[in-house]
Amino acid sequence: MAKDYKDTLLMMKTNFEMRGNLPQKEPLVQQKWNEMDLYHQILKRNEHKPYYVLHDGPPYANGNIHIGHALNKILKDFVVRYKNMSGFKVPYIPGWDTHGLPIETALTKAGVNRKELTPSEFRRKCEEYALQQVENQKMQFKRLGVIGDWENPYITLQHDYEAWQIKVFAKMVSRGLIYKGVKPVYWSWSSESALAEAEIEYMDKKSPSIYVTFDVIDPKNVLNGDEKFIIWTTTPWTIPANLAISVHPKLEYAVVQTSVAKYVVAHELVEKLAKELNWENVSVTKVIKGQDLEFVKCKHPFYDRESVVILGEHVTAEATGCVHTAPGHGEDDFIVGKKYNLGVLCPVDEQGKLTKESVYFEGLHVDDANKAVCKMLEEKGALLKLTFITHSYPHDWRTKKPIIFRVTPQWFASIDALKDTMMKEVKSVNWLPNWGDTRLGNMIKDRNDWCISRQRVWGIPIPVFYAENDEEILDEKVINHIAELFAEHGSNIWFEWEAKDLLPVGFTHPSSPNNKFRKETDIMDVWFDSGSSHHSVLVNRGLPYPADLYLEGSDQYRGWFNSSLSTGVAMTDHAPYKNVVSHGFVLDGEGRKMSKSLGNVIDPLKIINTSGADILRLWVASVDYQSDVRISDDLMKQLSESYRKIRNTFRFLLGNLFDFDVTKDTVKYEDLGEVDKYVLIKLNEVTKEVLNAYEHFAFDIVYRTINNYISQFLSSFYLDFTKDILYIEKADSRARRNIQTVFYENLMRLAKLLSPLIPHTTDEVYSHCNNQEAASIHLTDMPKVENYANEAEILTKYEKFMTLRNDVLKALEEARNAKVIGKSFNAKLTLYPNKATKELINTLNANLQQIFIVSQFEVKNEVAPENAYQFDNVAVLVENANGHTCARCWQVVETLNEDELCTRCDRVLK
RNA sequence: AUAUCCAUAGCUCAGCUGGUUAGAGCGUCCGUCUGAUAAGCGGAAGGUCAAUGGUUCAAGUCCAUUUGGAUAUACCA
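Please read all numbers here as calculations on a predicted model, not as lab measurements.

Cut-offs and rules
- Counting starts from 1 at the beginning of each chain's written sequence and moves along it residue by residue.
- Chains and ligands are labelled by the order in which they are written, letters from A for the one and numbers from 1 for the other.
- Reporting of local features is limited, given that this is a predicted model, to residues whose pLDDT is at least 70; pairs of side-chain atoms are given and counted only at 80 or more, and all residues count toward the totals for whole chains, interfaces and linings.
- The basis for the side-chain values is all heavy atoms of the structure; hydrogens and waters are excluded.
- Secondary structure elements follow DSSP: runs of H or I no shorter than four residues count as helices, runs of E no shorter than two count as strands, and numbering proceeds from the N terminus.
- What the globule rule says is 2.2 Å times the number of residues to the power 0.38, and the radius of gyration is computed from C-alpha atoms.
- Here, two residues are considered to be in contact whenever any of their heavy atoms come within 4.5 Å of each other.
- For every accessible area listed, the method is Shrake-Rupley and the probe measures 1.4 Å; residues are considered covered only by the protein chains on display.
- Counting rule for charge: Lys and Arg are taken as positive, Asp and Glu as negative, and neither His nor the chain ends is counted.
- A charge is said to be at NZ when it belongs to Lys, at CZ for Arg, at CG for Asp and at CD for Glu.
- Burial status follows relative accessibility: with a 1.4 Å probe on protein chains alone, a residue under 20% of its type maximum counts as buried, one over 50% as exposed, and anything between as partly exposed.
- DSSP-based pairing: two strands are paired if at least 2 bridges between them are found.
- Only the contacting stretch of a helix is used when fitting its axis, a line to C-alpha atoms as for every element, and angles between N-to-C directions run 0 to 180 degrees.
- Whether a residue is near a molecule or strand depends on its heavy atoms: if one lies within 4 Å, it is near.
- Any pair of nitrogen or oxygen atoms within 3.5 Å is treated as a polar contact; in protein, a donor-acceptor pairing is required on top of that, and neighbouring residues in sequence qualify only through side-chain atoms on both sides.
- Per-residue confidence from the predictor is given as pLDDT, running between 0 and 100.
- Here, a salt bridge means any side-chain nitrogen of Lys or Arg that lies within 4 Å of a carboxyl oxygen of Asp or Glu.
- Throughout this description, any angle smaller than 35 degrees is read as roughly parallel, any larger than 145 degrees as roughly antiparallel, any in the 65 to 115 degree range as roughly perpendicular, and the remainder as oblique.
- The residue classification treats Ala, Val, Leu, Ile, Met, Phe, Trp, Tyr, Cys and Pro as nonpolar and Asp, Glu, Lys and Arg as charged. All others, Gly included, are polar.
- By convention, a stacked pair of Phe, Tyr or Trp rings (six-membered ring in the case of Trp) has centres within 6.5 Å and planes under 30 degrees apart, an edge-to-face pair has planes over 60 apart, and any other such pair is tilted.
- Lysine and arginine charges are scored as sitting over a ring when NZ or CZ, respectively, is within 6 Å of the ring centre and within 35 degrees of the ring normal.

Visitor: How should I be thinking about the overall build of chain A in this particular structure?
Guide: Of regular secondary structure, chain A possesses 30 helices and 32 strands. In terms of overall size, chain A is more extended than a compact globule, its C-alpha atoms giving a radius of gyration of 38 Å where 910 residues would be expected to give roughly 29 Å. Its C-alpha atoms give chain A principal-axis dimensions of about 125 × 75 × 45 Å. At a minimum sequence separation of 6, the contacts of chain A that also span at least 24 residues come to 78%. Split by element, the accessible area of chain A, about 39600 Å² in all, is 48% carbon and sulfur. Within chain A, the 124 negative side-chain charges are centred at a point lying 2 Å from the centre of the 109 positive side-chain charges.

Shown next, in the form of structure tokens:
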């Protein structure tokens, strides 16, 4: 029976638990951060360093956070934490977007009846609701481990935020960028209001389907003049607003002779139409390219008015290929009409009744107008066919009544005037991924002016007054005065106070001889809210403009990147950001979009409560976030494994440093063993790569580099063979202190390098270290890249050695399979190297027997025996070591003393 | 429909300016240890690089088309 010497070994000792228990532990860590006010301590520590500003894009304050929010906020936290450890002062002011439709509808769904409340009362309810949502999301974001000024966030409904937004508007007014125009909107005659897209529901509707002819009156050398264009429509009531017929420039059109008349329709549709309209003796007499029909003139079927033929890309080869165009009643029609300067006709009022402008149909509701128009068309001989069809048509989601398109007056911000500067600025910004400039550039290039008005109540009012003659008063001074008032009282006063109280004292206007003024009732597009944040937040709080970084999902090219650029350029002629990083969207394990109906939604809060925030953060770090990313339970499991490896490595390092005092026991680099130096050099390489990756926002490289180093190098190589020294040798033996020095350096560097990614874990690791330099690892700096002596030489030498080691390991494995040995301590190893390898071995200043973890080791300069494993540069003979196993260190040696100890252990114990 | 992007082992990713048998980690399987033990160590298996066509002596890498997917915008008269 062997004696038990376990007590004489210097086994690892630590309270750092093997199991993370992150869902339980992380809240405690976060509580500690809270109590010590870590955020402000970090800023205080970096007080005199230069700013690095990551300006937060505000999420919409509604509902629980989803995985996309988590991805976004965690990425930002990586940057904030890294930069704060790298020589910068990095404030992070989280923000929320709080105005707009979703909150209005959330309240409506909760049973608040808007019609029973004054706008001001309703707005107060919205505000209350929004602030609740902010609190909820704030709690959830904090649980992700995101550090920031949570006590003092920016919220778009805050008074000073509103005030700055108005100032931005004032500046744009002063530059002449704000004007009033018209635009077709979804209009619900049943609720007499404009509707947002989200308030529309598609339902089946029975509509008339009519074919209408337009007589050519000016053939423009391409036609004869006796032809008729045929259009098709399901909304006869829009015929009074017809101003043009659109054809596609690339489509071919045919002149069709029938027994009754000559028609112009798309060539490829002739056959279909012949059947549909019961034509007889059909013959195509001419084929004309659409683009040649441009400016041919027709007569409106019942007005003494022209309807010109124009070209539109929106035209498709359906129905007749000739599209009835009423710019007042359709988005496409409006756009193409604008191109041709057709003007806009909209003879329909708020209730959906035709106006005097329509002459024959005044007072008729659109449904009745349909009949009247058809009758009129028939009388004029312009109606070829009338049937009824059922099709999907937009309806008001509340009243369930069909909606119409109708032009209404709206406020616009001119983008045209800013376009050149915007394009220039886009080029000067650093985009990551670098296709960002193409994408945003393309959008700006063909972007129309920005419609900034909404016919709603929950938002920042458009601070414009109307004089008695309805002239709009666009006066920078007046608007800035409103800004001052909003700063003090909030924007609700716009709805509560009289116009005269909102205007500067003694304000007069030539168009208001009686000093009467009317307030604009429209509010601003929420994109204007968040788009003003560079001033409402950065400038307002004394932070530098432009920000160093915007980091958002790729949907924000159209959204926040875009709106912020517009207002930023309007304010300063410069983009509000120097760098823009965008990330992709989170898809499920199969690459499908997450949706409630598919049931594939992954909830970040659930992951946090089952695995922990650091696991979720590790996921963010592990994926290529610049394109779309996937998440699944399987992936989470995989990351948990990976996390365990990291955690265990930290635990092992900590456990073997229990008796190490950095100030006293550290061994200088030049006094270390060669292998120890090699490990430090590798660690230095890792440091270099990781820091470089952080600089490029390449967190996946950070993760992978460290992960590979830890599992492939540190754990399997260095930590494995050094146990024989750490446990066995005397506590303060030189070899042991060497190793502990290297361990300590690894522990500190890896913990710091990983701190931005898994801050809870590294904080926990740090709190288990002896000799802490700061109250938290987050109050330390990133490790520096060292310049070690003979770095390159040692590195190349040992990299070669590692391939030799691979051969040895393989030979040991073969021997294990052949039952020659079990554990490697059973082995006697003999190497038969070729010349180069022999030279390599000779230059190694290391204990190879120890590194290979075998009991006996020999290098022979002769031909390898048959039973050796043959590799390219070496043959390896593995035999069962013969002798006796030391009861303490388990090595097989030739002789043991009477206490069953080898000479080494005997020496150590004495 | 348009703009931009994505597609390499079961999973997450490498693969630079085209050049020998396409790499790594995780997972899987097998083995080993029992002094990191709900751990540690070792080995092995796994890929017609989304498809098709082209350029080239040579293509995962360049070009075109297609398919599937993502985001945004538009459209359904």
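What follows continues from the structure just given.
Visitor: When you look at the side chain of His365 in this model, what are you seeing that I'm missing?
Guide: Looking at the secondary structure, you find His365 in the loop between helix H8 (331-339) and helix H9 (366-379). In this structure His365 comes out as buried when scored by relative accessible area, which is 16%. In contact with His365, other than residues within four places in its own chain, are Trp189, Gln351, Gly352 and Lys353.

Visitor: Looking at this structure, how should I read the sheet that holds strand E4 (residues 193-195)?
Guide: In sheet architecture, strand pairing relies on hydrogen bonds along the backbone and comes in two forms, parallel and antiparallel. Strand order in this open sheet of four strands is E4-E3-E15-E17, and the pairing throughout is antiparallel. A single partner strand is all that each edge strand has here, and the edge strands are E4 and strand E17 (450-451). Inspection of the sheet shows strand E15 (residues 404-413) paired to E17 by two bridges, in the antiparallel sense. By the bridge assignment, Phe412 is partnered in E17 with Cys451. Strands strand E3 (178-188) and E15 of the sheet are contacted by H8, whose axis makes an angle of about 150° with E3.

Visitor: How do you make sense of the protein's contact with RNA strand B when you look at a structure like this?
Guide: Around RNA strand B, a shell composed of 68 residues is seen, among which Val323, Glu331, Arg644, Arg651 and Trp890 lie nearest. In this structure, Arg439 approaches RNA strand B through a side-chain N or O atom, which is 2.8 Å from a base oxygen. Here Trp890 contributes a side-chain N or O atom positioned 3.3 Å from a base oxygen of RNA strand B. Broken down by secondary-structure element, the contributors of at least two residues to the surface near RNA strand B are strand E6 (227-233), strand E13 (323-325), H8, helix H11 (436-445), helix H20 (633-655), helix H23 (699-721) and helix H27 (791-817). Looking at which element gives the most residues to the surface near RNA strand B, the answer is H23, with ten residues.

Visitor: Can you walk me through the confidence of the model for chain A in this structure?
Guide: Low-pLDDT stretches of the model should not have their predicted coordinates read in fine detail. Within chain A, residue pLDDT values average 91, and 99% of them lie at 70 or more. Predicted confidence in chain A is weakest over E4, with a mean pLDDT of 76, and strongest over helix H2 (residues 38-45), with 98. Note on the complex model: pTM 0.90, ipTM 0.92.

Visitor: What is the right way to look at the pattern of salt bridges in this model?
Guide: Note on pairing: side chains with opposite charge can pair once their charged atoms come close. Evaluated as defined, the whole model comprises 48 salt bridges. In this structure, Glu47 engages Lys44 in a salt bridge whose closest nitrogen and oxygen atoms are separated by 4.0 Å. Here Arg749 ties to Glu745 by a salt bridge, and the two come within 3.0 Å at their closest N and O atoms. In this pair, Arg749 and Glu745 both sit in helix H25 (residues 734-754), four residues apart, roughly one turn of the helix. Here Arg749 falls in the buried class, since its relative accessible area comes to 3%. Here the salt bridges share partners, and the residues they tie into one network are Glu17, Lys25, Arg647 and Glu764.

Visitor: Any chance you could explain the sheet that holds strand E16 (residues 430-432) here in plain terms?
Guide: Spatially, three strands are ordered E16-E24-E23 in an open sheet, and the strand pairing comes out parallel. Each edge of the open sheet carries a strand with a single partner, namely E16 and strand E23 (547-553). In this sheet, neighbouring strand axes are inclined to one another by 15° on average, regardless of whether the strands run parallel or antiparallel. Contacts between helix H3 (residues 67-84) and the sheet are confined to E23 and strand E24 (577-583), with E23 contributing the most and set at about 155° to the helix.

Visitor: Whenever I open this one, the pairing of strand E12 (residues 306-311) confuses me. Can you help?
Guide: Put simply, side chains in a regular strand alternate between the two faces of the sheet. Burial of E12 is extensive: five of the six residues sit out of reach of the surface. The pairing of strand E11 (residues 297-299) with E12 spans three bridges and is antiparallel. By the bridge assignment, Cys298 is partnered in E12 with Ser307. Counting the residues between successive antiparallel strands, the hairpin from E11 to E12 contains six residues.

Visitor: I would appreciate a short explanation of unusual backbone geometry in the present structure.
Guide: Leu432 connects to Pro433 through a cis peptide bond whose omega is -5°. In this structure, Pro433 sits in the loop between E16 and H11. Pro546 follows Tyr545 through a cis peptide bond whose omega is 0°. Residue position: Pro546 is located in the loop between helix H16 (533-539) and E23. In the Ramachandran plot, Lys220 falls in the positive-phi region, its phi being about 55° despite a non-glycine side chain.

Visitor: Could you clarify how one ought to interpret the packing of helix H22 (residues 674-695) against H27 in this entry?
Guide: Helix-helix packing: each pair is described by the crossing angle between the helix axes and the interaxial distance. At a minimum axis distance of 9 Å, the contact between H22 and H27 shows a crossing angle of 105°. What the angle tells us is that H22 and H27 run roughly perpendicular. Listed contacts from H27 to Glu674, Val675, Lys677, Tyr678, Ile681, Lys682, Asn684, Glu685 and Lys688 of H22 are Glu791, Ile794, Leu795, Lys797, Tyr798, Glu799 and Met802. Classifying every residue of the contact of H22 with H27 by side-chain character gives seven nonpolar, one polar and eight charged.

Visitor: Hey, could you run me through the packing of aromatic side chains in this one?
Guide: Aromatic rings in a pair are described by how distant their centres are and how their planes are angled relative to each other. This model, assessed by the stated rule, comprises 44 aromatic pairs. Aromatic pair Tyr263 and Trp279: ring centres 5.1 Å apart, planes at 15°, arrangement stacked. Highlighted residues: Tyr263 in strand E9 (residues 262-266) and Trp279 in the loop between helix H7 (270-276) and strand E10 (283-289), separated in sequence by 16 residues. Classification of Tyr263 by relative accessible area gives buried; the value is 4%. The exposure class of Trp279 is buried, given its relative accessible area of 10%. With a centroid separation of 5.5 Å and an interplanar angle of 25°, the aromatic rings of Tyr709 and Phe713 are classed as stacked. On the criterion of helical spacing, the pair formed by Tyr709 and Phe713 is a turn pair, its members being four residues apart in helix H23. In this structure, Tyr709 and Phe713 share a single accessibility class: buried. What links up through ring pairs into an aromatic cluster is the set Phe652, Tyr678, Tyr709, Phe713, Phe717, Tyr718, Phe721, Phe743, Tyr798, Phe801, Phe852 and Phe857. Across the ring face of Tyr393, the terminal group of Lys205 is positioned such that the distance to the ring centre comes to 5.2 Å.

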